[in-house]
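Structure assessment
Given next are the chains, with one letter for each unit.
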Amino acid sequence: MHFRLSAAAAGVFALLGQPVDGYTRASTAQTDVLAAVALGKLTSYSLANGGPHAQCTIANAAKRREWGSLSKPERIAYTNAVKCLMTKPSRFDPAEVPGAKSLYDDFVAVHINQTLTIHGTGNFLSWHRYFTWAYEQALRNECGYQGYQPYWNWGRWALNPLDSPLFDGSESSMGGNGEYAAHDCAVAIPTGLNCIPPGAGGGCVTTGPFANMTVNLGPLSLTLTGIPGLVPLDPTQPGGFFQYNPRCMRRDISSWVSSQWLNDRNVSDLIQDHNDVGSFQYVMQGDDFLDGNYGVHAAGHFTVGGDPAGDFFVSPGDPGFYLHHAQVDRVWWIWQNQKPVERTNALAGTRTFNNFPPSGNATLDDLVELEHLAVPLPIKKLMSTVGLGGSPFCYIYV
């Protein structure tokens, strides 16, 4: 049964529709109520299971906040830290990963290297939770960032992402759309259904903190087509999947995608309609795209679109990736904590992309390895965000 707001609760959550930076956001009341329920149940669960001397508590846990709720100086502090990470040297051997020119690029290279064993798999959610946390730690430890990883609450900006505080191109945004460049519709999902209509972008991003940013790795699975000279790399050439290929960051921000697959109903139904983690993560990732449904995961990537955001392998090359995956993690966190006893350690799926080639089932003892970005940890230590079960995490979503 779906949760429906009472009149009193609806009045409280109507505040969520108030203007932010002159932009009237859509209500995400259904999902936000579920998030409040999750936090309450997690509080009780952590008290019962963490003990009186637990190092991580709800009170001292880091608070991950939505981009639109950050002040402009807080947003600029975040993007400054991201730009700082782009100046830190890569830790890869340049003979092995010639395209990684910075520590920022190292995250892209790790994602490229593991793409086919971290999507459509049992470790999809836990791997990306750890990856996003490692990125947050790099911002803090390498670049002095004082905040925590913000998230992109998709539904708030689903009707008009281009004018949202995320992508309006202001100095406090995550950068704007690409300049207009004529291009084809984007065949973004493997079934070829629902080709994304060309938008007003397609060219280089020239506004906001990431104006004229250089992307060094990829493309490998290019969905932005019809741009002269923009073609996928040939992995048989020297450098393989990790060739150095400097080019501008391109975007083609699409409300056609976000309005259909990232609204509040999409998210709240995902959380409420699936009692097992297998169906939850399967629908999140698009149901094999058989009916043209993008699922919220792919829809977030293709709302931004372009290169590298629309590239299955290279998508972390766009800084918006981490706000998107913080929201993916938030939605999983909300789902887990509707029934924390049953769901905190729930796991399903195999070890290969949609079980191709056929592989064994993922287990809680499987290691998640991020190379030099973080120490290897078993999945069982990545299931709680508040330190339970030996987890290194101590954060909640507010």
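Scope of this entry: the structure provided in the associated data block.

Definitions and cut-offs
- Residues numbered from 1 in each chain as written.
- Predicted model: local features only at pLDDT ≥ 70, side-chain atom pairs only at ≥ 80, totals over all residues.
- Heavy atoms only, no water.
- Helix = DSSP H or I, 4+ residues; strand = E, 2+ residues; numbered from the N terminus.
- Polar contact = N/O pair within 3.5 Å; in protein donor to acceptor, adjacent residues only side chain to side chain.
- Contact = heavy atoms within 4.5 Å.
- Core = buried A, V, L, I, M, F, W, Y, C linked by side-chain atoms within 4.5 Å.
- Buried < 20%, exposed > 50% of the residue type's maximum accessible area, 1.4 Å probe, protein only.
- Disulfide = S-S within 2.5 Å.
- Axes fitted to C-alpha atoms, helices over the stretch in contact; angles between N-to-C directions.
- Parallel < 35°, antiparallel > 145°, perpendicular 65-115°, else oblique.
- Left-handed = near helix turned anticlockwise from the far one by under 90°.
- Nonpolar A, V, L, I, M, F, W, Y, C, P; charged D, E, K, R; others polar.
- Salt bridge = Lys/Arg side-chain N within 4 Å of Asp/Glu carboxyl O.

Attention now moves to the side chain of N293. Within the secondary structure layout, N293 lies in the loop between α8 (277-284) and α9 (295-304). Reaching out from N293, the side chain makes a polar contact with the side chain of W261 at a distance of 3.2 Å. Leave out the neighbours within four places in its chain, and N293 touches W261, V283, G286 and D287.

In terms of nonpolar packing, the biggest core is built from 106 residues, with Y78 and L370 touching the most fellow members. Among the elements that make up this core, the one with the highest residue count is helix α5 (residues 124-143) (eleven residues). Discounting chain neighbours no more than four positions away, the residues touching L370 are V110, Q114, W127, Y130, F131 and A134. Formed by five residues, the second largest nonpolar core is a distinct cluster that contains A181, L222, I227 and L230.

Okay, the state of the cysteines next. Tallied over the full model, the rule gives four disulfides. In this model, C84 is linked to C143 through a disulfide, with the two sulfur atoms separated by 2.1 Å. Torsion about the S-S bond of the C84 and C143 cystine: about -85°, corresponding to left-handed handedness. Within this pair, whereas C84 is found in helix α3 (residues 72-85), its partner C143 is found in helix α5, the two being separated by 59 residues in sequence. For C84, a relative accessible area of 19% gives the class buried.

Among the secondary structure elements, S268 is positioned in helix α7 (residues 264-272). Owing to a relative accessible area of 2%, S268 belongs among the buried residues under this scheme. Separated by 111 residues in the primary sequence, S268 and I379 have C-alpha atoms spaced 26 Å apart. What S268 contacts, discounting residues up to four positions off in sequence, is Q30, T31 and L34.

Moving on, we get to the packing of α5 against helix α10 (residues 320-336). Where α5 contacts α10, the two axes come as close as 10 Å, and the packing angle between them is 130°. Taken together, α5 and α10 sit at an angle that is classed as oblique. The handedness of the crossing between α5 and α10 comes out as left-handed. Residues F124, L125, S126, H128, R129, F131, T132 and Y135 of α5 lie in contact with α10, whose contacting residues are F321, Y322, H325, A326, V328, D329, W332, W333 and Q336. When grouped by side-chain class, the residues that make up the contact of α5 with α10 number ten nonpolar, five polar and two charged.

Scanning the entire structure with this criterion turns up twelve salt bridges. Its salt-bridge partner being D329, residue R64 comes within 3.9 Å of it at the nearest N-O pair. Here R64, found in strand β3 (residues 62-64), pairs with D329, found in helix α10; they are 265 residues apart in sequence, far enough to count as distant. Put simply, K380 and D365 hold a salt bridge, and the shortest N to O gap is 2.9 Å. Of this pair, K380 sits in the loop between β9 (377-378) and β10 (395-397) while D365 sits in the loop between α11 (340-343) and β8 (367-368); the two residues are 15 residues apart in sequence, bridging distant segments of the chain. The exposure class assigned to D365 is exposed, which follows from its relative accessible area of 53%.

This next bit is on the packing of helix α2 (residues 29-50) against α7. The contact between α2 and α7 brings their axes to 7 Å, and the two run at 40°. Taking contact as the criterion, the partners of A29, Q30, T31 and L34 in α2 are, on α7, D264, V267, S268, I271 and Q272. Of the residues belonging to the contact of α2 with α7, the class tally is four nonpolar, four polar and one charged.

On to unusual backbone geometry. Where the residue is not glycine, phi is negative for most of them; where a peptide bond is considered, it is trans in most cases. Looking along the chain, the bond that leaves G218 and enters P219 is cis, with omega of 0°. Within the element layout of this structure, P219 appears in the loop between β6 (214-215) and β7 (247-248). Its identity as a non-glycine residue notwithstanding, N194 has a phi of 55°, on the positive side. Considering the arrangement of structural elements, one finds N194 in the loop between β4 (178-180) and β5 (202-205).

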